[in-house]
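# Structure assessment
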Amino acid sequence: DAKTTQPPSMDCAEGRAANLPCNHSTISGNEYVYWYRQIHSQGPQYIIHGLKNNETNEMASLIITEDRKSSTLILPHATLRDTAVYYCIALLTGANNLFFGTGTRLTVIP
Amino acid sequence: NAGVTQTPKFRVLKTGQSMTLLCAQDMNHEYMYWYRQDPGMGLRLIHYSVGEGTTAKGEVPDGYNVSRLKKQNFLLGLESAAPSQTSVYFCASGGVYNEQFFGPGTRLTVL
């Protein structure tokens, strides 16, 4: 599985868009990019995943660069409840071990 | 639709005692997983199952056993608990594209 690199922490004002970057320069052609988050002391929560096209769901948007070496998770209107650690994971579909790494601690500020 | 549930939520054991953690999912997922998370650390995969009647070892399987007798249930057993197994245990079930849905966790302390 490709290694991913994320900034350790970010702040975002409530109501503004939160843009969380992830570098995955060694990603292979058939590895997907997954995003999860973990709110303090809760189980991780799946957010979104994609291969090479941009994806959007009710929680977030995922923008993957054309060369697939990096991606950005966008929370369009951050709320205080979005404060969490966000994890970017590159993984083959069908692989079983999610390696969460250290992630980005996002703090949404009132 | 309860998603993924875990029983119990909290447990304290003495060294050498045994226990079983139960995970149940109602999403008809084939894949199920057990992870542990130590304070300030990421999740580590203990065991997983790709379908009813199958199990496989993950990253840190020693000291644990699992069973998947029914598709909706995945049991994690500790035969002889040790203080090193003090952790938070998360169960997950996996969808078609390997998106994993996690339970609320079981907080286990081994004295």
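Throughout what follows, the structure given in this document is the object of discussion. (Residues numbered from 1 in each chain as written. Chains lettered and ligands numbered in written order. Predicted model: local features only at pLDDT ≥ 70, side-chain atom pairs only at ≥ 80, totals over all residues. Heavy atoms only, no water.)

## Observations regarding the overall build of chain A
Formally: Helix and strand labels come from DSSP, where a helix needs a run of H or I of at least four residues and a strand needs a run of E of at least two; each type is numbered from the N terminus. The rule is simple: take the accessible area with a 1.4 Å probe, protein chains only, and divide by the maximum for that residue type; under 20% is buried, over 50% is exposed, in between is partly exposed. Only heavy atoms enter the contact rule, under which two residues are in contact if any of them lie within 4.5 Å. All accessible areas in this document rest on Shrake-Rupley with a 1.4 Å probe, and a residue is counted as covered only by the protein chains that are shown. Residues scored as charged are limited to Lys and Arg (positive) and Asp and Glu (negative), so that His and the chain ends carry no count. Charged groups are reduced to one reference atom each: NZ for lysine, CZ for arginine, CG for aspartic acid, CD for glutamic acid.
The helix and strand inventory of chain A stands at zero helices and nine strands. What you see in chain A, going N to C, is helices and strands ordered as β-β-β-β-β-β-β-β-β. With the C-alpha coordinates of chain A rotated into their principal frame, the extents come out at 40 × 30 × 25 Å. Counting all 110 residues of chain A, 45% fall into the buried class. Put simply, of all contacts in chain A between residues at least 6 apart along the chain, 57% involve residues at least 24 apart. When the accessible surface of chain A is totalled, it reaches about 5600 Å², and 51% of it is carbon and sulfur. Of the side-chain charges in chain A, 8 are positive and 9 negative, and the distance between the mean point of each set is 3 Å.

## Observations concerning the pattern of salt bridges
Between side chains of opposite charge, a pair can form when the charged atoms approach closely. Residues and elements named next belong to chain B. Here is the rule we go by: A pairing counts as a salt bridge when a side-chain nitrogen of Lys or Arg comes within 4 Å of a carboxyl oxygen of Asp or Glu.
A complete count under the given rule lists four salt bridges over all chains for this structure. Taking the shortest distance from any N to any O, the salt bridge between D38 and R36 comes out at 2.9 Å. With respect to burial, D38 and R36 carry one shared label: buried. Taking the shortest distance from any N to any O, the salt bridge between R44 and D38 comes out at 2.6 Å. Take D38: its relative accessible area is 15%, and that puts it in the buried class. Salt bridges sharing partners connect three or more residues here, namely R36, D38 and R44.

## Remarks on the interface of chain B and chain A
Accessible area lost during the coming together of the parts is what is often quoted as the interface size. Just so we agree on the cut-off: The term buried area denotes the loss of accessible surface (1.4 Å probe radius) that occurs when two parts are joined, taken as the sum for both partners. Polar contact is defined as a pair of N or O atoms within 3.5 Å, subject to the rule that within protein one atom must be able to donate a hydrogen and the other to accept it, and that residues adjacent in sequence are counted only when both atoms are side-chain atoms.
Taken together, the contacts link 21 residues of chain B with 20 residues of chain A. Here chain B packs against chain A, burying approximately 1500 Å² in sum over the two surfaces, 52% of which is carbon and sulfur. Our count for the chain B to chain A interface comes out at zero salt bridges. At the surface where chain B touches chain A, the tally comes to three residue pairs in polar contact (both at pLDDT 80 or more). Among the elements that take part in the side of chain B that touches chain A, strand β4 (residues 31-37) of chain B stands out by supplying four residues, more than any other.

## What about the pairing of β4 of chain B?
All names here are of chain B. Definition in use: Pairing between two strands requires that DSSP report at least two bridges joining them.
Burial analysis of β4 places six of its seven residues in the buried class, which makes it a mostly covered element. Sheet analysis places β4 next to strand β9 (residues 87-94), joined by seven bridges and oriented antiparallel. Bridge pairing in β9 links Y35 to F90. In this structure, β4 lies alongside strand β5 (residues 43-49), joined through six bridges in antiparallel fashion.

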